[in-house]
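Descriptive analysis of the structure
One-letter residues, chain by chain:
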Amino acid sequence: MVYQAARYTAAEHPASSLAFTFIQAALSMRYSALSILKQGLGGHRGWTRAWRDPTPKPAYDVIIIGGGGHGLATAYYLAKVHGITDVAVIEKGWIGGGNVGRNTTIIRSNYMFPSNTYFYEHSMKLWEGLEQDFNFNAMVSQRGVINLYHSDAQRDAFARRGNAMRLAGVDAELIDADEVRRRVPLLDFDNARFPIEGGLLQPRGGTVRHDAVAWGYARGADSRGVDIIQNCEVTGIEMKNGRAVAVQTTRGRISANKIGSAVAGHTSKIAQMVGLELPLESHVLQAFVSEGIKPHLDTVVTFGAGHFYISQSDKGGLVYGGDLDGYNSYAQRGNLPMMEHVMAGGMAIMPSIGRVRLLRHWGGVMDMTMDGSPFICRTPVDGFYLNGGWCYGGFKATPASGWCFAHTIANEEPHEYNRDFTIERFAEGRMIDEKGVGPNPWIQ
Amino acid sequence: MNACAMRPAFNRDKIMHQIQCPWCGVRDEAEFQYKGDATVVRPADDADEAGFFRYVYLRDNPKGWHTEWWHHVAGCRQFVKVVRNTLTHEVAATGTPADTLQVPES
């Protein structure tokens, strides 16, 4: 009966109808198999929008600049975990139009340094319960991530990392060439330059539908009272007695007790508005999707030695990428030499992709820090909180990033998991340089 | 309109950096290795830690014109100073490390 009423009122009555509003509220509360069935019987005309389109209020308790995965997750956890609901997420374009919609959707927690390991493992645990938590299908698929190794030295390095992970309670398995062959038979095991000797496997790693992460967090935050304000660009930050007190936007001035920045890619630009200079550079990273093909690859494979990694989406496209183009850039596109390099890497390790056509490619702007690790911290500017520096690893961090940033904003101090992700670590000599390449962001 | 005329214009500048090496002439980006911001200046040896911290770690990271080093690693192996736009990838000027290059407005 409910679906019939919804269908009737939605089609015939103005939205102000009380009955319509009631049914709309009842239907929008929860997504489930039952709600799909009901809506299906009603021709799918009763679905309501997943979040409001509010006009910005003159003031909020907390403003988060940036409606990407991290900003939306921050707002969600501020509301859900800390009960702070007078929050606005301000986005210059549309939500999820930046790097949360531009990555290669991989999740993993295979880091070696304790500052990273526990943080990314917390993220993995949040991924594992995320869909139930925010009632949205993010297609979290723990299909495993295999890092290939090609020499004894590389095997030893991976064994060291795997052992560090296991000591921290993270799943890791060092597998030999036969086991890699059993799992991914289509690789070129006898490659003359990089013969495959085995891999480091994280079984709980995998992929997630990235857009759904932004949408799920947006819907969850909105339903708890957060205002998501799109097409609203922050053009300046107003300071009073050394404290950030308001943002100037293309839709007017909005004041706040606390202002958080989660705009990775453009963090330098926002930080300059409060007079902060940061140890980071913006770089472009490209990614690629092939035409859809039948099931070909049921795990994630990384070929670090050849600067290539690949998985297959549920839609059938091979999703792959490589390294940074390697020069400062704010353009959301890269250049052909890096495309050619990535394709060559793919052909070297997985020759069967040679006849598959490239369907799309794009670039995203990365905050590359001087040690390859992020910032989630308070800053020397009172009332201004920083989340950024995600390098090319921000997607997998999304849940824990929002969770830790919300904690830091709510409590005025970091959580144990993000304690080391400070700006000051560089001056203090406590860099978290997982790759060990030093302050050269273009090769981090 | 024939098929040939319908073909989009092929503009190398749009798909790849081309850098005028002062010693070798115009070369493709693939011959170079990027070496970062050319505006940072190493402080005197007896400068304090803060000076070295700024030099090693802090960057303006401009969205727009950026003066930077490209090492002509597959050519003459000299360092080339380049003024390039980080939003459009356009190269405005190149020179030797000793040259002072004009940075365009905006």
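For clarity, every value in this text was computed on a predicted model and none was experimentally measured.

1. With respect to the overall build of chain A
Check the secondary structure of chain A and you find 11 helices and 18 strands. Here the C-alpha atoms of chain A give a radius of gyration of 23 Å, agreeing with the 22 Å that 2.2 N^0.38 yields for 444 residues. Projected onto the principal axes, the alpha-carbon positions of chain A cover approximately 70 × 60 × 40 Å. The buried share of chain A, reckoned over its 444 residues, is 51%. Within chain A, contacts between residues at least 6 apart in sequence are counted, and of these 75% link residues at least 24 apart.

2. A look at the overall build of chain B
Secondary structure assignment for chain B yields 3 helices and 6 strands. Relative to its full complement of 106 residues, chain B shows a buried share of 17%.

3. Looking at the sheet that holds strand E6 (residues 91–95) of chain B
Residue and element names in this part refer to chain B. The antiparallel open sheet is built from 4 strands, whose spatial order is E3-E4-E5-E6. Pairing within the sheet leaves two strands with one partner each, and these edge strands are strand E3 (33–37) and E6. Put simply, the sheet's adjacent strands are angled 30 degrees from each other on average, direction ignored. When E3 meets strand E4 (residues 65–71), the two strands line up antiparallel, connected through 3 bridges. By the bridge assignment for E4, Gln33 is matched with His71.

4. Re the domain arrangement of chain A
As far as domains go, chain A holds domain 1 (2–41) and domain 2 (56–444). Distance between the C-alpha centres of domain 1 of chain A and domain 2 of chain A: 37 Å.

5. Looking at the interface of chain B and chain A
In this complex, chain B contributes 20 residues to the contact, which on the side of chain A involves 22 residues. Counting residues per element, the side of chain B that touches chain A draws most heavily on helix H3 (residues 49–57) of chain B, at 3 residues.

6. So, the environment of Asn328(A)
Its place among the elements puts Asn328(A) in strand E15 (residues 317–328). Separated by 40 residues in the primary sequence, Asn328(A) and Met368(A) have C-alpha atoms spaced 9.4 Å apart. Filtering out sequence-adjacent residues up to four positions away, Asn328(A) remains in contact with Glu281(A), Ser282(A), His283(A), Asn61(B), His66(B), Glu68(B) and Thr86(B).

7. Let's talk about the pairing of strand E12 (residues 280–292) of chain A
Residues and elements named next belong to chain A. With 11 of 13 residues buried, E12 is to be regarded as a mostly interior element. Pairing of E12 with strand E16 (residues 358–369) involves 11 bridges; the strand directions are antiparallel. Across the sheet, residue Phe288 finds its bridge partner in E16, namely His361. Pairing of E12 with E15, which is carried by 6 bridges, proceeds in the antiparallel orientation. Paired with His283 across the two strands is Asn328, which belongs to E15.

8. Considerations on the nonpolar core
When a protein is soluble and globular, its nonpolar side chains tend to lie buried together. Counting residues in each nonpolar core, the largest one holds 122 residues, and the members touching the most others are Ile63(A), Ile65(A), Leu72(A), Ala75(A), Val87(A), Val89(A) and Ala221(A). Looking at this core element by element, the count peaks at 8 residues for helix H11 (residues 394–411) of chain A. Sequence-distant contacts of Ala221(A), that is, excluding residues within four places in its chain, are made with Leu72(A), Ala75(A), Tyr76(A), Ala79(A), Val89(A), Val226(A) and Ile228(A). Among the nonpolar cores identified, the runner-up in size contains 7 residues, and Tyr327(A), Ile19(B), Tyr34(B) and Val80(B) belong to it.

9. Focus on the sheet that holds strand E6 (residues 198–202) of chain A
Residues and elements named next belong to chain A. A sheet is described by the order of its strands in space; here 8 strands give the open sequence E5-E6-E4-E13-E14-E15-E12-E16, paired in mixed fashion. The open sheet is flanked by strand E5 (173–176) and E16, the only strands paired with a single partner. Strand-to-strand twist of the sheet, defined as the mean angle between neighbouring strand axes without regard to direction, takes the value 25 degrees. Bridge analysis of E5 against E6 gives 4 bridges, and the strand direction is antiparallel. Of the residues in E6, the one forming a bridge with Glu173 is Leu201. Helix H10 (residues 336–349) rests against E12, strand E13 (300–303), strand E14 (308–312), E15 and E16 of the sheet, and its axis sits at about 135 degrees to E15.

10. Notes on the pairing of strand E10 (residues 243–249) of chain A
Residue and element names in this part refer to chain A. Relative to E10, strand E9 (residues 234–240) runs antiparallel, the two sharing 6 bridges. Across the sheet, Glu238 pairs through a bridge with Ala246, a residue of E10. Between E9 and E10, which follow one another and run antiparallel, lie 2 residues, and Asn241 among them has a positive phi close to 50 degrees. When E10 meets strand E11 (residues 252–262), the two strands line up antiparallel, connected through 4 bridges.

11. Observations concerning the environment of Tyr392(A)
Within the element layout of this structure, Tyr392(A) appears in the loop between strand E18 (384–388) and H11. With residues near it in sequence (within four places) discarded, Tyr392(A) still touches Leu285(A), Leu324(A) and Met366(A).

12. Observations regarding unusual backbone geometry
Residue and element names in this part refer to chain A. Despite not being glycine, Asn135 has its phi angle at roughly 55 degrees, a positive value. Mapped onto the elements, Asn135 comes out in the loop between helix H5 (114–134) and strand E4 (145–149). Here Asn135 falls in the partly exposed class, since 15 other C-beta atoms lie within 10 Å of it. Even without being a glycine, Asn231 presents a positive backbone phi close to 50 degrees. Inspection of the secondary structure assignment puts Asn231 in the loop between strand E8 (227–229) and E9. Judged by the 12 C-beta atoms lying within 10 Å of it, Asn231 is exposed.

13. A look at the confidence of the model for chain A
All names here are of chain A. For chain A, per-residue confidence averages 93 on the pLDDT scale, and 93% of positions sit at 70 or higher. Predicted confidence is poor over residues 1–17, with pLDDT under 50, and the contacts of this stretch with residues over four places away or in other chains come to 26 contacts. Residue range residues 20–27 is modelled with pLDDT below 50. Its contacts to residues more than four positions away, or to other chains, number 13 contacts.

14. Some details on H11(A)
Residues and elements named next belong to chain A. Helix geometry: H11 is bent most strongly at Ala400, by close to 45 degrees. Counted residue by residue, H11 has 16 buried out of 18 residues, so it is predominantly covered. Just downstream of H11 lies Glu412, where phi reads positive at about 65 degrees.

Rules and cut-offs
- Residues numbered from 1 in each chain as written.
- Chains lettered and ligands numbered in written order.
- Predicted model: local features only at pLDDT ≥ 70, side-chain atom pairs only at ≥ 80, totals over all residues.
- Helix = DSSP H or I, 4+ residues; strand = E, 2+ residues; numbered from the N terminus.
- Rg over C-alpha atoms; globule rule 2.2 N^0.38 Å.
- Buried ≥ 20, exposed ≤ 12 C-beta atoms within 10 Å, placed from the backbone.
- Contact = placed C-beta atoms within 7 Å.
- Pairing = 2+ DSSP bridges.
- Axes fitted to C-alpha atoms, helices over the stretch in contact; angles between N-to-C directions.
- Domains from an automatic or database assignment.
- Core = buried A, V, L, I, M, F, W, Y, C linked by C-beta atoms within 7 Å.
- pLDDT = per-residue confidence, 0-100.
- Bend = angle between axes of the 7 residues up to and from the residue.

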